[in-house]
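Overview (structure and organization)
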Amino acid sequence: MKNKKLSQDFIKELSGNKKEPAWMLALRLKALEHFENSSLPEWGPDLSGLNFQDICYYVKPVTSPQRTWKDVPEEIKKTFEHLGVPQAERYYLAGLGAQYESEMVYHNIKEEWGKVGVIFSDTDSALKEYPKFFKKYFGTVVPCSDNKFAALNTAVWSGGSFIYVPPGVNVTIPLQAYFRINTEKMGQFERTLIIADKNSIVTYVEGCTAPTYSTASLHSAVVEIIALEGARVRYFTIQNWSKNVYNLVTKRAVAHKDSIVEWIDGNIGSGVTMKYPAVILKENGARAQMLSIAVASSAGQVQDTGGKMIHLAPETSSRIISKSISSKGGDTHYRGLVKISKGAEGVKSFVQCDTLMLDGESKAGAYPVIDTREDKVNVSHEATVSKINEDELFYIMSRGIDKVTARTLVVNGFIEPFVKLLPMEFAVEMNRLIELEMTGSIG
Amino acid sequence: MLKIYLDLQKKTKLNLKELLEAQVCKSNKALSKISIKISSGSQVTLIDDIFSFGTFDYEFILDNKVNFVYLCNIFSKDNDKLSKRDSAPDILSKKIKVKLIGQDSCAKCFYRILGTGCENYNIKTCQEHWAQKTESFFEIKGVVQDSSKIICDSEIKISIEAKESIANQVCKGLILTKNGHFIATPKFQVETNETSCVHGAAISTVDSEQIFYCQSRGINYSDSYELLVNSFLSNSIFKEPQAL
């Protein structure tokens, strides 16, 4: 790339290199205008350490995504092998995508799922191969004018996953994408589009890591999910970026008639996270669930997470369960919205956010909004902040368990509603991650 | 800003309107923000029904071992809670902040709001804990009728010094009509783990099963409906009392 700084020329060059259609370039340029004309959010964590001119917007690791690991460059392959990604693919997954810097380096789906018409591809290739889906759905759930980071992503997006599940197909084992930032001052802007056609079922798992640098990196993804009539989409994220990464993502789903969308969101890493997955319950009978945990375990780390449920249709229901753990000077904040539009009769919504503060240096906050414009509804919200209950500790220790193990057990019990939804192999990994993050803060 | 200092060692019940009228006559100042400091050991119950006055910001500062109860009823005086009261403005904005700066102080605040017609209520509350072993319990209950709107913006702040404090805040809304609108934004910011902080919000309509239960006891539909709305407004989970 000749142009490095964010500008119209950079975007034209990026789009040209990717051989994109003219409408995508026009959309990128429009998004750039929105990005330049919009300001950073006035609420939430401090983003002053983020310098948009200092970020590398595109790093190309390979020429095109490979379908076998032996074709992936050795150095990149080693990184993913170290993370156990190819192993996981062999044993647990229906398909895998691996993104390194700005591009997907590997993308493959097991033959049996390809045969029944499931498409699992990197977004760049899918744009060329399946233009009808992109014209119909791309940018419809998260428009470029939505917020500054969605605008930035739309302007410079590269990589990400595209999934299409045909009507009636049940993808019984998960599809996974793994995102890795390796370069210093790197910005990763992947774009994920998932379309679950009528009565289909799909589970998608996303994992993220990066090495630690002293300078800030930016991860600003956009995820759009369309769950058509009767479909069910389950989206897992285990985010474990290093502490120098700003994780500012926009994730949103539209749920059509009788469909189910579930966000299961684990935020362990990154220095600053702003992530509020949303579901727009557009048609009758749609259901949505969001389960999230956020762990802030070092001074200056801010996990500003939450969820939004927008009820537009009658007889829709939603549930948000958010669990946060603050320790060693970390900040966790829940920010949420439940909105019930006029005419959305019979809506049921429940929000629960609990925070566990493990020491006196940490902070916690909850800022939910409930906006109801309909009478025949049932909406409730509850939030608590507490420390580890001494009675619970005493009970466990009286069974001969030492204090450190007892505290770990209580913490693991606190996040249990989240962990028990994870597939077994991820649940084990999650428990280990939490124990690792808690090292030194327990006992 | 009008500043009032209350030093009431005995258990005292005051009407805010009378208190302010006396203070306004004394000071001759225009009212916009009122700060009331309650001295150590005082036990004060304050009744607030001064809506004809307009929009106010109140700040209550509680010293050591103060026991403070604030009751705010925003509906008709003739005890018919479903009828529109007289002389109320269509837009009412009220901001109440309680600062617990003295150890062992306790604040209980109860709001009852009935929105009718095109009324628009904007209620802001803030519970600030600055000292150890302080307790605050806020309960806001609103009923929305016709095209009225209630916005409840409630905040709890617990500073790092406020160890062993307890903060509770509940916001409940009952929407009775299609065009009613209720917004609840309960928030908290906590800086210490030696605390118990809970907030909750619930919005619904009158439960049809409860109406059926009343009707099966021989009470007609409209009486059952009124009974349930009145009991919604009268009951409190924090058990404060009679004056409501």
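Anything mentioned here points back to the structure above.
Residues numbered from 1 in each chain as written. Chains lettered and ligands numbered in written order. Predicted model: local features only at pLDDT ≥ 70, side-chain atom pairs only at ≥ 80, totals over all residues. Heavy atoms only, no water.

1. Some points on helix H3 (residues 74-82) of chain A
Residue and element names in this part refer to chain A. Stated formally: Per-residue accessibility, obtained with a 1.4 Å probe over protein chains only, is compared with the maximum for each type, and a residue is labelled buried under 20%, exposed over 50%, and partly exposed between these values. Secondary structure is summarised from DSSP: a helix means a run of H or I of at least four residues, a strand means a run of E of at least two, and numbering begins at the N terminus for each. The directions from the helix axis to the C-beta atoms form the arc being described.
Taken as a whole, H3 has its buried residues at Ile76, Lys77, Thr79 and Phe80. Taken end-on, H3 shows its buried residues confined to a sector of 155 degrees, consistent with a single buried face. For H3, exposure combined with an orientation more than 90 degrees from the buried face picks out Glu75, Lys78 and His82. At the C-terminal side of H3, Gly84 shows a positive phi close to 80 degrees.

2. As for the interface of chain B and chain A
To keep things clear, this is the line we draw: Should any heavy atoms of two residues lie within 4.5 Å, those residues are considered in contact. Buried area: the accessible area, evaluated with a 1.4 Å probe, that two parts lose upon being put together, summed over both parts. The term salt bridge refers to a side-chain nitrogen of Lys or Arg lying within 4 Å of a carboxyl oxygen of Asp or Glu. Here the term charged refers only to Asp, Glu, Lys and Arg, the term nonpolar to Ala, Val, Leu, Ile, Met, Phe, Trp, Tyr, Cys and Pro, and the term polar to all other amino acids, Gly among them.
Taken together, the 32 residues of chain B in the interface contact 32 residues of chain A. Between chain B and chain A, the buried area comes to about 2500 Å², and carbon and sulfur atoms account for 50% of it. Among the residues chain B hides against chain A, the three largest losses belong to Lys178, Phe188 and Asn193 of chain B. Together they make up 25% of the total. Taken together, the connections running from chain B to chain A amount to four salt bridges. Here Lys178 of chain B and Glu374 of chain A are joined by a salt bridge, their closest N and O atoms 2.5 Å apart. Elements represented by at least two residues in the side of chain B that touches chain A include exactly strand E13 (181-190) and strand E14 (195-204) of chain B. Partitioned by chemical class, the residues of the side of chain B that touches chain A number 14 nonpolar, 14 polar and four charged.

3. Let's talk about the packing of helix H9 (residues 390-397) of chain A against helix H10 (residues 403-414) of chain A
Geometry of a packed helix pair, given as the angle between the helix axes and the separation of the axes. Residues and elements named next belong to chain A. Note the threshold: Axis lines are fitted through C-alpha atoms, for helices just across the contact stretch, and the angle between N-to-C directions can take any value from 0 to 180 degrees. Angle categories are assigned with fixed cut-offs, so that under 35 degrees is roughly parallel, over 145 is roughly antiparallel, 65 to 115 is roughly perpendicular, and the rest are oblique. Left-handed describes a crossing whose near helix is turned anticlockwise from the far helix through less than a right angle; right-handed describes the clockwise counterpart.
Contact pair H9 / H10: the axes reach a minimum separation of 9 Å and the direction vectors enclose 125 degrees. In terms of orientation, H9 and H10 fall into the oblique class. Helix-helix and strand crossings are classified by hand; for H9 and H10 the assignment is right-handed. The residues of H10 that touch H9, namely those facing Glu390, Glu392, Leu393, Ile396 and Met397, are Lys403, Ala406, Arg407, Leu409 and Val410. Per-class residue counts for the contact of H9 with H10 are six nonpolar, no polar and four charged.

4. Some details on the environment of Arg373 of chain A
Which entries qualify depends on this criterion: Two N or O atoms form a polar contact when they lie within 3.5 Å of each other; inside protein one atom must be a possible hydrogen donor and the other a possible acceptor, and for residues adjacent in sequence the pair counts only when both atoms belong to side chains.
Within the secondary structure, Arg373 of chain A sits in the loop between strand E21 (363-372) and strand E22 (377-386). Judged by its relative accessible area of 34%, Arg373 of chain A falls in the partly exposed class. Here the alpha-carbon distance between Arg373 of chain A and Tyr235 of chain A, two residues 138 residues apart in the chain, equals 29 Å. For Arg373 of chain A, the residues in contact, after removing those within four places along its chain, are Lys339, Ile340, Ser341 and Lys342 of chain A together with Lys178, Gly180 and His181 of chain B. In this structure the side chain of Arg373 of chain A is engaged in a polar contact, spanning 3.4 Å, whose partner is the side chain of His181 of chain B.

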